[in-house]
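# Architecture and fold: a report
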Amino acid sequence: MKKCVISVLIILAFVCCLIIPVSAEETNDTNRYNVVIAMDASGSLQETDPNNYRLSAVNLFIQLLANDNNKLGSLSFSTNSINQKALTTINQSADKQVIYDNLKSTAETEVAKNGWTNIGSALQDAVNDIISNGDSSLPSVVLLLSDGNTELPTEKEKQASLEAKADAVQAARDNNIAIYCVCLNANGDADNKEMEQISNATGGKSVEIKKAEDLQNALTTFYSMIYGTSVETIVDNTFDSKGLITVPFEVPGTGVEEINIIIYGRAKDVVISKPDKSTAKCDEIKAETFSFLKVSDIVPGQWTVSLSGVPGDKVKIDLLFNTDLDV
């Protein structure tokens, strides 16, 4: 009899665990954010990232955002913040392109290249932008990318930057702004502890990258963390003897509002087909290191992506869904 009672209690406890409600924060059901990107543009980047992989990485992060109702802002920084673009509501892919173009043009200026690394000032400007211009109904994130630590020409300027950083971190804590940090430590001079302290204090995450080529994976991972999605590689192969690749993929029946397809390698004539075999309309962007396609007209079922290229050439295709539990 005792064994029966114990068994029943165990079963009831297990069932209760299954039906405990999960908080919205735990399910990542929010798919719109206030996002400010703060990107280091100081002179050391010419050594640690001479091929500008950081720009491709930031471009991909921006393109992955849903085409409407995120709020996006940006700034570049060296000795001070440069060309800050205040938070604005994203209504179409062209709005995202404006933000990226601003970051790209700033990275190429001599003012930035000859500057130092003022992390405190950059964080203060990014956090203040969210407090002043953010949508209070949305959660907020600052994405910080740097290849160094706070470094300025005089001890007085350095101390002012450290104080600004402390103020920015406290303001971020007070306003529930999570700071995600990417430390590019390609030359071994960066101290990731500064980045970790910032992210840990604000509920964000930090990652240390040894090679600039890995920045893209780091920012894609951060996107997945923030927006509660995941990346699936559906092709990592070479074109066949006819120069063709066709691969199916499944779109779930609920919750998907956009399909993002990222293609690495030389490819042409990309066609995305719906379950009824009709061709899907999509936004397409060709960047320096990838091609990107976004589909917003979603129906569940088995889709296919077909592309052509040079026989034997390697190609990789990543798939990422933007989800919305209201869809």
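As the structure is a computational prediction, the values presented were derived from the model and not from experiment. (Residues numbered from 1 in each chain as written. Predicted model: local features only at pLDDT ≥ 70, side-chain atom pairs only at ≥ 80, totals over all residues. Heavy atoms only, no water.)

So, about the overall build of the protein chain. Regarding its fold elements, the protein chain presents 10 helices and 14 strands. A total of 327 residues make up the protein chain; the buried ones form 48% of that total. Counting only contacts in the protein chain whose residues sit at least 6 apart along the sequence, the fraction spanning at least 24 positions is 80%. Split by element, the accessible area of the protein chain, about 15700 Å² in all, is 50% carbon and sulfur. (Helix = DSSP H or I, 4+ residues; strand = E, 2+ residues; numbered from the N terminus. Buried < 20%, exposed > 50% of the residue type's maximum accessible area, 1.4 Å probe, protein only. Contact = heavy atoms within 4.5 Å. Areas by Shrake-Rupley, 256 points an atom, 1.4 Å probe, with all protein chains shown as cover.)

What follows deals with the pattern of salt bridges. Pairs can form between side chains of opposite charge whenever their charged atoms are close. As enumerated under the stated definition, the model contains 12 salt bridges in all. Put simply, Lys 314 and Asp 236 hold a salt bridge, and the shortest N to O gap is 2.7 Å. With Lys 314 in strand β14 (residues 314–323) and Asp 236 in strand β7 (residues 231–238), this pair connects stretches of sequence that are 78 residues apart. Of the residues examined, Asp 236 reaches a relative accessible area of 48% and is grouped as partly exposed. Each member of the salt-bridge network shares a partner with another, and the members are Arg 32, Asp 68 and Glu 257. (Salt bridge = Lys/Arg side-chain N within 4 Å of Asp/Glu carboxyl O.)

Okay, the side chain of Asp 147 next. Assignment of secondary structure puts Asp 147 in the loop between β4 (140–146) and α8 (155–174). Of the side chains with opposite charge, Arg 54 comes closest to the buried, unpaired Asp 147, at an N-O distance of 7.8 Å. At 2.7 Å, the side chain of Asp 147 and the side chain of Ser 44 are in polar contact. (Lys, Arg positive; Asp, Glu negative; His and termini not counted. Polar contact = N/O pair within 3.5 Å; in protein donor to acceptor, adjacent residues only side chain to side chain.)

It is worth spelling out helix α4 (residues 53–64) at this point. Here α4 is 12 residues long and its end C-alpha atoms lie 17 Å apart, about the 16 Å a rise of 1.5 Å per residue gives. Buried residues dominate α4, accounting for 11 of its 12 residues. Turning to α4, its buried residues are Arg 54, Leu 55, Ser 56, Ala 57, Val 58, Asn 59, Leu 60, Phe 61, Ile 62, Gln 63 and Leu 64. (Expected span 1.5 Å × (residues − 1).)

Take the packing of α8 against helix α9 (residues 192–202) next. α9 packs onto α8 with a crossing angle of 25 degrees between their chain directions and a minimal axis gap of 8 Å. One finds that α8 runs roughly parallel with respect to α9. Mapping the contact onto sequence places Leu 162, Lys 165, Val 169, Ala 172 and Arg 173 in α8 and Glu 194, Ile 198, Ala 201 and Thr 202 in α9. For the contact of α8 with α9, the per-class residue count stands at five nonpolar, one polar and three charged. (Axes fitted to C-alpha atoms, helices over the stretch in contact; angles between N-to-C directions. Parallel < 35°, antiparallel > 145°, perpendicular 65-115°, else oblique. Nonpolar A, V, L, I, M, F, W, Y, C, P; charged D, E, K, R; others polar.)

Our next topic: the confidence of the model for the protein chain. Summarising the model, the protein chain shows a mean pLDDT of 88, and 88% of its residues fall at 70 or more. pLDDT under 50 marks residues 1–28. Its contacts with residues more than four places away, or in other chains, come to six contacts. (pLDDT = per-residue confidence, 0-100.)

The next subject is the nonpolar core. Counting 41 residues, the largest nonpolar core has Ile 37, Phe 61, Ile 62, Leu 72, Leu 215 and Leu 219 as its most contacted members. When contributions to this core are tallied by element, the ones reaching two or more residues are β1 (34–40), α4, α5 (93–107), β4, β5 (177–184), α10 (215–227) and β9 (256–264). For Ile 37, the residues in contact, after removing those within four places along its chain, are Val 58, Phe 61, Ile 62, Leu 72, Gly 73, Ser 74, Leu 75, Leu 103 and Leu 143. Counting residues in hydrophobic clusters, the runner-up holds 24 residues, among them Phe 77, Ala 168, Ala 190 and Met 195. (Core = buried A, V, L, I, M, F, W, Y, C linked by side-chain atoms within 4.5 Å.)

Quick look at the sheet that holds strand β11 (residues 283–286) now. If you trace the five strands from one edge of the open sheet to the other, you get β7-β14-β9-β12-β11, paired in antiparallel fashion. Of all the strands in the sheet, just β7 and β11 have a single pairing partner and so form its edges. Each strand of the sheet is rotated relative to its neighbour by a mean of 15 degrees, with strand direction disregarded. With four bridges connecting them, β11 and strand β12 (residues 291–295) associate as antiparallel partners. (Pairing = 2+ DSSP bridges.)

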